[in-house]
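Here is how the chains run, residue by residue.
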Amino acid sequence: MIEAIDEPIGVIPDVSDATLDAPIEPGAAAIREPVVHPLGRPTRELALSQLVTLSIYWLGINVMWTGLHVIVLPKRMEAIFGPASAGLGLGLITLAGVVTAIIVQPTVGAISDFTVTRWGRRKPYIVIGSVLDVVFLWAVASANTYVALVVALILLQFASNFAQGPFQGYVPDLVPASQVGRASGLMGMMIVLGGVVGVGICAIGYLQLTPGMSETEVRNLLFLPTVALGLIEFLTMIVLVATVDEGRPAAPRGKRSWLRIARSAWGMDILRERSYVWLVVSRLCYLTLPAVISSYALYMLERSFGMSPDEAAPYLIVVGSIIALATVAATIPAARLSDRFGRKRVIYASYGLAAIGLAGVALAPSLPFALLALFPLGLSAGAFLVVDWALLTDIIPKASSGRYMGISNVATASAGPVGLAVAGVVLYVVTRAGVPSAGAPDASSDLLGLAPRAAIASMLVLLAIAALALRGVNEVRREE
C-alpha cells in the first residue's frame, strides 16, 4: 500500500475564481475568501513496488485505446466506407469522441481536487469510469451503424476520461520530485506494454478477416476482442484502487458549489501559465504521430506492400513489438538524462528521432526498411512520453494538480483526432487522384499504395510546430 503522506497546509488565494465571480454591485466591497490548499510536492520516497502499482492503470487504458485504434476502428471503418474514405470516417469518429474528452477530463479532475470521501478524493471517479468503460465497449462492439458507433465511442470517451482526469493527479499528489523520472519511466513502459497487449488481443479477431467481408461479418469477428479490452482495463483498475492510499487530503471547497468548482477548471487564469500552455500545444502536435502511425500501419501493410490480412497480421505484431522494445529501451535512460541535462534537451532529441523515423517509413522502398525506420520512432516515443510528462508535473501548480493534469490530457485526447483528420484528408485526396475515372472504385486507384505514405509524411508538419511551441516553455521546477 502507498502510505499516507503528511504535507504542510497553507492558505493561498484562490485565483481561479477571479473569472467566475458574479459582478459586484456598485458600492459593494469585493471580498475574496482564501482557500486552504495542500502545498508543495511530497518528500517521502516510495518503494519500487508502489510506483509500479501506481502506474499499472496506464496499462489498462492503453490496452483499450490501442486495440481500438490499431485494429478495431480501422477495419470497421473500411468495412463501412471503403478504402478511400476509411481514413475520413476514422478521423470523424474519433473527433466526435474527443469533444467529450476535452470537456470531461479537466472538469472531473478539478472536482476530484476537492472531493472528500472515505475512499479518497480520486478513487470513486476511477472506479465508476472503469465500470462504465466495460459497458460502453460492449456498445462499441455491438453497434451496427456508423451513427451507433459514434454514439458508443462518445460514451466510452466520457467514461474513460471520467476516470483519467482524477487518476492523473496521483503523481503530483504522491511522488516526490526525486522519483518523478522513475515514475515517468514506469508510466512509459506500461503504456507500451498496454499497446502490445491490446493489439495482441484484437489480432485474434483480425486474423479471421478476409477481403470483401461485409460490415456485419467484420463486426461479429471483432466483437469478443473488443469486449476483452475493457475487462483487462477493469482488472488494472482493481489493482490500482486496492493498493494505493491517496494520503494527501482534499482541498476544502469552502462555500463554493460543485458547479462553480467544475467551471473553475476552465478559468482564464490558466492562460497566465505560459510555459504550461506552450507545453500543452507542443504535446498535442507531437502526439498526432503515434496515433497516425498505429492507425495507418494496417493500411501501409495492405496497400503499400500489398499484403492480405493473413499476411499482414503477424507484421502488425512485429510493428508493435519493434516500437514497444525501442520505447521501453528509451524510457529509463531518457528520464535519467533529463534529470542531468534538462527536460527540454531530451524532448528536442526525441523530435529529431521522430523526424528520421517518419521520413524513413514514408519513403521506405521495402518492408524491411520500413521496419528499421520504426526504431527511431520507438526511441522518440519512449523519450517523449516520460520526459514530457515529468516536465509537466514539474511546472504545474501542485495545489490544483487534478485540474492542470486534466487539461493537459486534452492535448492527448485531441492529438489522435487532429492527426487522423489531417492524415485522412491526405489519404482521400491522394487515393482519389489516382482513380482512372470518376465512377471507378477506390481499389482501382494507381496511387492506392502511395496514399498511406503521404498521410504519414504529412505528420512532419505537425512535428515542426511541436518543436517551435517547446521554445516557449520555461523548465524551471515549481515546488508550490
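Please read all numbers here as calculations on a predicted model, not as lab measurements.

S.K.: Mind showing me how you'd approach the packing of aromatic side chains here?
M.R.: The geometry of an aromatic ring pair is captured by two quantities: the separation of the ring centres and the angle between the planes. For the structure shown, the criterion picks out 12 aromatic pairs. Centre to centre, the rings of Phe-81 and Tyr-146 are 4.9 Å apart; their planes meet at 80 degrees, and the pair counts as edge-to-face. Taken as a pair, Phe-81 in helix H1 (residues 48-81) and Tyr-146 in helix H4 (residues 146-167) lie far apart in primary sequence, 65 residues in all. Judged by relative accessible area, which is 35%, Phe-81 ranks as partly exposed. For the pair Phe-158 and Phe-162, a centre-to-centre distance of 5.8 Å together with 35 degrees between the ring planes defines the contact as tilted. Taken together, the residues Phe-158 and Phe-162, both in helix H4 and four residues apart, mark about one turn of the helix. Classification of Phe-162 as buried rests on a relative accessible area of 16%. The ring of Tyr-299 has Arg-303 sitting right over it, with the charged end atom 4.4 Å from the ring centre.

S.K.: Sorry, what's going on with the environment of Gly-165 here?
M.R.: Structurally, the position occupied by Gly-165 is in helix H4. With 243 residues separating them along the chain, Gly-165 and Ser-408 place their C-alpha atoms 9.6 Å apart.

S.K.: What should I look at first to understand the nonpolar core in this one?
M.R.: Nonpolar side chains tend toward joint burial in soluble globular proteins. Core analysis: the biggest nonpolar cluster contains 119 residues, and Leu-68, Ile-71, Leu-156, Tyr-276, Tyr-286 and Tyr-296 have the highest contact counts within it. Here Tyr-296 is in contact with Gly-87, Leu-420, Ala-423, Gly-424, Leu-427, Pro-452, Ala-455 and Ile-456, once residues within four sequence places are set aside. Counting residues in each nonpolar core, the second largest holds eight residues, with Val-104, Val-108, Ile-111 and Ile-261 among its members.

S.K.: Which parts of the structure should I look at to understand the packing of helix H3 (residues 123-142) against helix H7 (residues 215-243)?
M.R.: The angle between the axes and the distance between the axes are what describe a pair of packed helices. Two numbers describe how H3 lies on H7: the axes approach to 8 Å, and their chain directions differ by 175 degrees. Taken together, H3 and H7 sit at an angle that is classed as roughly antiparallel. Residue-level contacts link Lys-123, Ile-126, Val-127, Ser-130, Val-131, Asp-133, Val-134, Leu-137, Trp-138, Val-140, Ala-141 and Ser-142 of H3 to Arg-219, Phe-223, Thr-226, Val-227, Leu-229, Gly-230, Leu-231, Glu-233, Phe-234, Met-237, Leu-240 and Val-241 of H7. Of the residues assigned to the contact of H3 with H7, the class counts are 16 nonpolar, four polar and four charged.

S.K.: Help me out: how do you make sense of the confidence of the model for the protein in this one?
M.R.: Low pLDDT marks stretches whose predicted atomic positions should not be read closely. Confidence in the prediction for the protein averages 81 pLDDT; 88% of positions are at 70 or higher. Within the protein, no element has a lower average pLDDT than strand E1 (residues 9-12), which sits at 33, and none a higher one than helix H16 (residues 459-470), at 95. Predicted confidence is poor over residues 1-39, with pLDDT under 50, and the contacts of this stretch with residues over four places away or in other chains come to 81 contacts.

S.K.: I would appreciate a short explanation of the pattern of salt bridges in the present structure.
M.R.: It is possible for side chains bearing opposite charge to pair when their charged atoms get close. One pass over the full model with this rule turns up eight salt bridges. A salt bridge links Arg-303 to Glu-78, with the nearest nitrogen and oxygen atoms 3.3 Å apart. With Arg-303 in helix H10 (residues 288-304) and Glu-78 in helix H1, this residue pair connects regions lying 225 residues apart in the sequence. Of the two residues, Arg-303 and Glu-78, neither departs from the other in class, the shared state being buried. Across the pair Asp-339 and Arg-343 runs a salt bridge whose closest N-O atoms are separated by 2.7 Å. Each of the salt bridges in this network shares a partner with another, and the network as a whole consists of Lys-75, Glu-78, Glu-302 and Arg-303.

Cut-offs applied
- Residues numbered from 1 in each chain as written.
- Predicted model: local features only at pLDDT ≥ 70, side-chain atom pairs only at ≥ 80, totals over all residues.
- Heavy atoms only, no water.
- Phe/Tyr/Trp six-rings, centres within 6.5 Å; stacked < 30°, edge-to-face > 60°.
- Helix = DSSP H or I, 4+ residues; strand = E, 2+ residues; numbered from the N terminus.
- Buried < 20%, exposed > 50% of the residue type's maximum accessible area, 1.4 Å probe, protein only.
- Lys NZ or Arg CZ within 6 Å of the ring centre and 35° of its normal.
- Core = buried A, V, L, I, M, F, W, Y, C linked by side-chain atoms within 4.5 Å.
- Contact = heavy atoms within 4.5 Å.
- Axes fitted to C-alpha atoms, helices over the stretch in contact; angles between N-to-C directions.
- Parallel < 35°, antiparallel > 145°, perpendicular 65-115°, else oblique.
- Nonpolar A, V, L, I, M, F, W, Y, C, P; charged D, E, K, R; others polar.
- pLDDT = per-residue confidence, 0-100.
- Salt bridge = Lys/Arg side-chain N within 4 Å of Asp/Glu carboxyl O.

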